[in-house]
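# Structural description and commentary
Each chain, letter by letter, is given below.
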Amino acid sequence: MTEQRKDILDMLAAGKITADEAEQLIAALERDQAPATASHDARPKGKVKYLRVLVDATDNGEPSRVNVRVPLQLLRAGVRLAALVPPQALAKANASLSDSGVPIDLTQLKPEQLEALVEHLDEMTVEVDSPDATVRVFCE
């Protein structure tokens, strides 16, 4: 049960809203949630084109939403361009990434590895529900 649905039922139990109003609110929630679920489940099989990150959160009582759609072609191009970067620059970039808490070795990125990763991303969906946020990461 989602937090929003629980809130509606709590308001109904407290007598703040009627059963008809609760039904309308729950129906509205389902309409809002259905397109995101349907778009992921109903997407055609084949080569994925985008990595999608959706975040619905509440920050200081204010709702906020993040909707990021990253073209996988951009990632592919980035890996190919990394091969053109001089080794000294890659070493400095690796050191900076490591200092920032991102332990990635850019000298080890290979285009064929990225293609294998992208191939497996097609079947991946990550959903995180917390009291303040819902996060979905998937490919489309």
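Above this text is the structure in question.
Residues numbered from 1 in each chain as written. Predicted model: local features only at pLDDT ≥ 70, side-chain atom pairs only at ≥ 80, totals over all residues. Heavy atoms only, no water.

All right, on to the pattern of salt bridges then. Inspection of the entire model under this criterion finds four salt bridges. As a salt-bridge pair, Asp10 and Lys6 come within 3.2 Å of each other at their nearest N and O atoms. Of this pair, Asp10 and Lys6 are both found in helix α1 (residues 3–13), four residues apart, which corresponds to roughly one turn of the helix. The class for Asp10 is partly exposed, based on a relative accessible area of 39%. When its relative accessible area of 39% is taken as the criterion, Lys6 is described as partly exposed. Across the pair Arg65 and Asp56 runs a salt bridge, and its minimum N-O distance is 3.5 Å. Residue Asp56 is classed as partly exposed on the basis of its relative accessible area of 35%. (Salt bridge = Lys/Arg side-chain N within 4 Å of Asp/Glu carboxyl O. Helix = DSSP H or I, 4+ residues; strand = E, 2+ residues; numbered from the N terminus. Buried < 20%, exposed > 50% of the residue type's maximum accessible area, 1.4 Å probe, protein only.)

This part takes up the sheet that holds strand β2 (residues 62–71). Strand pairing in a sheet relies on backbone hydrogen bonds. The paired strands run either parallel or antiparallel. Strands sit in the order β2-β1-β4-β3 across an open sheet of four strands; the sheet is antiparallel. The two strands at the open ends of the sheet, each matched to only one other strand, are β2 and β3 (125–129). The sheet shows a mean angle of 5 degrees between the axes of neighbouring strands, direction not considered. Sheet topology note: the β3/strand β4 (residues 133–139) ladder contains five bridges and is antiparallel. Its bridge partner being in β4, Val126 is matched across the sheet by Val137. Helix α3 (residues 72–82) contacts β1 (50–59) and β2 of the sheet and is inclined by roughly 55 degrees relative to β2. (Pairing = 2+ DSSP bridges. Axes fitted to C-alpha atoms, helices over the stretch in contact; angles between N-to-C directions. Contact = heavy atoms within 4.5 Å.)

Our focus in this paragraph is the environment of Ala57. Position of Ala57 among the secondary structure elements: in strand β1. Separated by 73 residues in the primary sequence, Ala57 and Ser130 have C-alpha atoms spaced 9.1 Å apart.

Bringing the nonpolar core into the picture now. Side chains of a nonpolar character, in soluble globular proteins, are inclined to be buried together. Residues Val48, Leu51, Leu72, Val79, Leu114, Val118, Val137 and Cys139 constitute the largest nonpolar core, which totals eight residues. For this core, the secondary structure elements donating two or more residues are α3, α5 (111–121) and β4. Once residues lying within four places of it in the same chain are set aside, the contact partners of Val118 are Val48, Leu72 and Arg76. (Core = buried A, V, L, I, M, F, W, Y, C linked by side-chain atoms within 4.5 Å.)

Don't take any of this as a statement about function, it's just geometry.
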